Amino acid sequence: MTRNRSIGEMSIQSGLSIRSLRYLEAKGLISPKRTEAGRRVYGGEEVTRITRILVLRQAGYPLSTISTAMLTPSLDARSLVETQILQLNAKHKQISAMLSRLRHTMTLLETRDALDVDSLCSLIKEAQDIMTQNDLKNVARQYFSEEEWERWRDVGSRLFPGEARTQYEQDWSALISRVELAIASDVAPGSPESIQLLNEWMALQNPMIEALGKEHWTKAAKMYSEMDQWQSETAKAPFSAEVYRFINETGRLAKMA
């Protein structure tokens, strides 16, 4: 008989983060049972489903695209070929991203004199930043006009200058870490602890909302709510989709109270 596992044990065994396991549960792909104390436990059925999810992920499927219909007990020959194609496509994307980064580095090298190791590392970081800005701009075009994107960048450069970390950046980083800890500790959205986190979140958002305007910020909220669809190695949000869902759900429950 397969023994039950805690979420921590399941995370270690599967190699999936606790955040990813909660994401799979939120999508309805797994349904761990609860103890009397409200802790998640993973039995044989959940272990089997998570194993299938790992197979699909290894074949190139991101967690965000795996569906219940894909977790069938067996895969036919066509499905196996399709998963292999997806795996190769995923590798192709990684190689393409690496080539793009190297091309950016080569372009920068053409304008520089001979470099020592430290300068070369700095140059590679500069090329990575260029890629990140390009990828973020491509994402932003789906939500903002060119003028709105430029405003977004201007506000960001003032609040997050990217040199010495400002107190504002440190406050955001600390708050995001506390929200992640609350999620890992099974704090329920709408609980007093989550309301306190929400209030701090809203307070930190205010400078951005005031600088951008509510209409612009509504578009930003939509962008963050859909981050599972566009996040990549270089186009990343400052917090996870799970953190954003936790804050939004707490806000929704707070309005209903």
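First, a word on what this report is: a plain description of the structure on this page. (Residues numbered from 1 in each chain as written. Predicted model: local features only at pLDDT ≥ 70, side-chain atom pairs only at ≥ 80, totals over all residues. Heavy atoms only, no water.)

Re the overall build of the protein chain
When helices and strands are counted, the protein chain shows eleven helices and three strands. Within the span of the protein chain, comprising 257 residues, buried residues form 34% of the whole. Nonlocal contacts in the protein chain, meaning residues at least 24 apart in sequence, comprise 59% of its contacts between residues at least 6 apart. Of the roughly 15800 Å² of accessible surface on the protein chain, a fraction of 55% belongs to carbon and sulfur atoms. (Helix = DSSP H or I, 4+ residues; strand = E, 2+ residues; numbered from the N terminus. Buried < 20%, exposed > 50% of the residue type's maximum accessible area, 1.4 Å probe, protein only. Contact = heavy atoms within 4.5 Å. Areas by Shrake-Rupley, 256 points an atom, 1.4 Å probe, with all protein chains shown as cover.)

Topic: the packing of aromatic side chains
Across all of its chains, the model carries five aromatic pairs by this definition. Seen from their ring centres, Trp172 and Trp201 are 4.9 Å apart, and the 90 degrees between their planes marks the pair as edge-to-face. One end of the pair, Trp172, is in helix H7 (residues 167-184); the other, Trp201, is in helix H8 (residues 192-212), and 29 residues separate them in sequence. For the pair Trp172 and Trp201, one class covers both residues: buried. Each ring, one from Tyr224 and one from Tyr244, has its centre 5.8 Å from the other, and the planes form 55 degrees; the classification is tilted. Linking Tyr224 in helix H9 (residues 214-225) with Tyr244 in helix H11 (residues 241-256), this pair joins segments that are 20 residues apart in sequence. (Phe/Tyr/Trp six-rings, centres within 6.5 Å; stacked < 30°, edge-to-face > 60°.)

Focus on H9
Between its first and last C-alpha, H9 extends 16 Å over twelve residues, near the 16 Å set by a 1.5 Å rise per residue. Every buried residue of H9 is accounted for by His216, Trp217, Ala220, Met223 and Tyr224. The buried residues of H9 occupy one face: seen down the axis, they fall within an arc of 110 degrees. Along H9, the residues that are exposed and aim more than 90 degrees away from the buried face are Lys214, Glu215 and Thr218. (Expected span 1.5 Å × (residues − 1). Arc of directions from axis to C-beta.)

Regarding the nonpolar core
In globular proteins that are soluble, nonpolar side chains generally tend to be buried together. Counting residues in each nonpolar core, the largest one holds 36 residues, and the members touching the most others are Trp152, Val179 and Trp201. Going through the elements one at a time, helix H5 (117-140), helix H6 (146-159), H7, H8, H9, helix H10 (227-230) and H11 are the ones with two or more residues in this core. Ignoring any residue separated from it by four or fewer positions in sequence, one finds Trp201 in contact with Trp172, Leu175, Ile176, Val179, Phe239, Val243, Tyr244 and Ile247. Membership of the second largest hydrophobic core comes to 17 residues, among which are Ile30, Val47, Leu56 and Ile66. (Core = buried A, V, L, I, M, F, W, Y, C linked by side-chain atoms within 4.5 Å.)

Some words on the environment of Phe160
By the element assignment, Phe160 lies in the loop between H6 and H7. Residue classification places Phe160 among the partly exposed residues on the basis of a relative accessible area of 30%. A sequence separation of ten residues divides Phe160 from Gln170, and the C-alpha atoms of the two residues are 10.0 Å apart.

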